[in-house]
Amino acid sequence: RMYSSGFLVFTAASLLCGAAPSLLALVLARVGQGVGAAMLMANGPAIIMAAFPGPTRGRALGLVGMTVALGSLAGPGLGGLLLQGFGWRSVFYVNLPIGLAGIAITRRFLPRAETLRNESLDIPGAALFAVGMTGLLLGIIHGHDWGWTSPVILGCLGLAVASFGAFVRWERHAPEPMIDLSLFRIWPFLSGNMVAFTAFMAMFCNAILLPFYLQEQMHFSPMLTGMVLSTLPMTMAVAAPVSGYLSERINFATLTSVGLGVMSAGLLLQSLLEPVSPMWRILAGQVVLGLGVGIFMSPNNNSVLSSAPQDKIGLVGGVLALVRNVGMVSGIAVAITMFEGFQGSALRAGQEAAPAFFSGFRAALTVGACLAFGAGCLSLFRRRLFRAKPAPVHVVIRKD
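The structure reproduced in this document is the subject of the present report. Sequence order sets the numbering: in each chain, residues are counted from 1 along the sequence as written. Only residues with pLDDT of at least 70 are given local features in this predicted model, and only at 80 or more are side-chain atom pairs given and counted; all residues enter the totals for whole chains, interfaces and linings. Side-chain metrics rest on all non-hydrogen atoms present in the structure, leaving aside hydrogens and water.

Assigned secondary structure in the chain consists of 14 helices and zero strands. The helix count covers DSSP runs of H or I at least four residues long, the strand count covers runs of E at least two residues long, and both are numbered beginning at the N terminus. Counting from the amino terminus, helix and strand elements in the chain follow one another as α-α-α-α-α-α-α-α-α-α-α-α-α-α. Restricting the calculation to C-alpha atoms gives the radius of gyration, and the globule rule supplies 2.2 Å times the number of residues raised to the power 0.38. Against the globule reference of 21 Å for 400 residues, the chain gives a C-alpha radius of gyration of 22 Å, in line with a compact fold. Contacts in the chain between residues far apart in sequence, at least 24 positions, make up 79% of those at least 6 positions apart. Counting every atom, the chain has about 20700 Å² of accessible surface; 71% of that belongs to carbon and sulfur. Note that His is not counted, nor are the chain ends; the positive residues are Lys and Arg, and the negative ones are Asp and Glu. One atom stands in for each charge, and that atom is NZ of Lys, CZ of Arg, CG of Asp or CD of Glu. Considering the chain, the positive charge centre built from 25 side chains and the negative charge centre built from 14 side chains are found 9 Å apart. Between two residues, a contact is recorded if the distance between any of their heavy atoms is within 4.5 Å. All accessible-area figures derive from a Shrake-Rupley calculation using a 1.4 Å probe, and residue coverage is judged against the displayed protein chains alone.

In structure tokens form, the structure reads like this:
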């Protein structure tokens, strides 16, 4: 029901986005889209875990990764075509038939789930977490513009620290907490989420800045920009099922470390783009980055989902979605901060606009590469914890 309702909320919010009469109305409708998307992303892994409890789970998660990649592949290209041909409102209206089809498919194929426990939503915990995240991201995003020591920034960061502290205290004693903090005592669960958070931060340093490079420096059209951006999910769609299959046979941490190493190399390649780079050079960086993401994603999700108790699998899916989205937003904030800081320094030093752009662009993507490399080192550290235990030896004593 929650998954199907997610489609309904997302579709209705897409309709409101397309019909928005002002920027404020559009932003509020986008919040509705975020609520619907959260309902989908938080429950998807739990459905997979319930449907594939055995050794084929890796392949199932790999196919999910491929499907996510194909959706990401279709999005930028289709968005560029719609934007160029029908205007920005069509980008939201196209979600209506897709969302209605999603509702029909979920009602047709997903089994009706029984209510296991009657639990209420942890409103105070959710409010404290939301206030903390808002303060943290406002501080990170606007620190360069407003000044890192300005009262507003210090107030935002102080509010974040206070809210997160209150959130942890509340969750420890709440009868039905938003997040079961005892899960983070499981090292594979904690390390897998830490790696995922850092990896998504690294990935979105490229995702937020590359479109500006393609359109402002290379002067690509929206449609061509969408096609270039589609190279990453296209590569990911090929790598994810293979990596998911291998995760059933190879140590989780080995695959995730290799994927993060490749991702770091792809970000370094993108950071070395020139003011006028050949198309193959831009695509090569996207392919390497997409290969790394595809290798990393399925094994890491499999390791996190397999490490937690099965009666907590819905919560684990929610934590995975939370970590992924917070990592994305944090990566955007860090990339913008680095970009604006180095670009501003270059402009004050007397550089022209184009060299100043590349000063910020390279600094942000280099930071992303370092984040991916650091996540890979953490993944290598947890490798010994995923070594397969030897099968127990059964001794049968016969009387004769």
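After that view, the rundown keeps rolling.
In helix packing, the relevant descriptors are the interaxial angle and the interaxial distance, both defined with respect to the helix axes. The axes are straight lines fitted to the C-alpha atoms, using for helices just the contacting stretch, and the angles between their N-to-C directions are given from 0 to 180°. Following both chains from N to C, one finds helix α1 (residues 2-18) and helix α2 (residues 23-51) inclined at 160 degrees, their axes separated by 8 Å at the closest point. The orientation of α1 with respect to α2, classified from their angle, is roughly antiparallel. Crossing of α1 against α2: the hand is left-handed. For the contact of α1 with α2, the residue count by class is 15 nonpolar, eight polar and one charged. What sets the label is the angle itself: under 35 degrees gives roughly parallel, over 145 gives roughly antiparallel, 65 to 115 gives roughly perpendicular, and the rest give oblique. Crossing handedness is read from the near helix: turned anticlockwise from the far helix by less than a right angle, it gives a left-handed crossing, and turned clockwise, a right-handed one. For this classification, the nonpolar set comprises Ala, Val, Leu, Ile, Met, Phe, Trp, Tyr, Cys and Pro, the charged set comprises Asp, Glu, Lys and Arg, and every other residue, Gly included, is treated as polar.

The length a helix should cover is 1.5 Å for every residue beyond the first. With 15 residues, helix α5 (residues 95-109) ought to run about 21 Å at 1.5 Å a step, and its terminal C-alpha atoms sit 21 Å apart, in line with that. Exposure categories follow from relative accessible area, calculated using a 1.4 Å probe and restricted to protein chains: below 20% of the type maximum is buried, above 50% is exposed, and the middle band is partly exposed. Buried residues of α5: N95, G99, G102, I103 and T106, and no others. For α5, the arc enclosing every buried residue in end-on projection is 100 degrees, short of the 170-degree limit, so these residues lie on one face. The exposed set on the far side of α5, more than 90 degrees from its buried face, consists of P97, L100, R108 and F109. Where α5 is buried, its residues meet α1, α2 and α4 (89-93). Think of it as the arc spanned by the lines of direction from the helix axis to the C-beta atoms.

Here a cavity means grid points, on a 1 Å grid over the protein atoms only, where a 1.4 Å probe fits yet cannot get out; a pocket means an open set of points with protein on both sides within 12 Å along at least five of seven lines; lining residues are those with an atom within 4 Å of a point. Grid points are joined across faces, edges and corners, and a volume is the space filled by probe spheres set on the points. Roughly 470 Å³ of volume is contained in the second largest pocket. As for the second largest pocket, its lining consists of 19 residues, and the residues nearest its centre are F129, F184, F197, L322 and V323. Top element by residues in the lining of the second largest pocket is helix α13 (residues 313-348). It accounts for five residues. Its residues assigned to classes, the lining of the second largest pocket shows 17 nonpolar, two polar and no charged.

Tracing the backbone shows S191 in helix α8 (residues 187-217). Distance in space between the C-alpha atoms of S191 and S303 is 9.8 Å, their sequence separation being 112 residues. We define a polar contact as two N or O atoms separated by no more than 3.5 Å, with the added condition that, inside protein, one atom must be a possible hydrogen donor and the other a possible acceptor, whereas residues neighbouring each other in sequence contribute only through side-chain atom pairs. Side-chain polar atoms of S191 contact the backbone oxygen of P188, separated by 3.4 Å.

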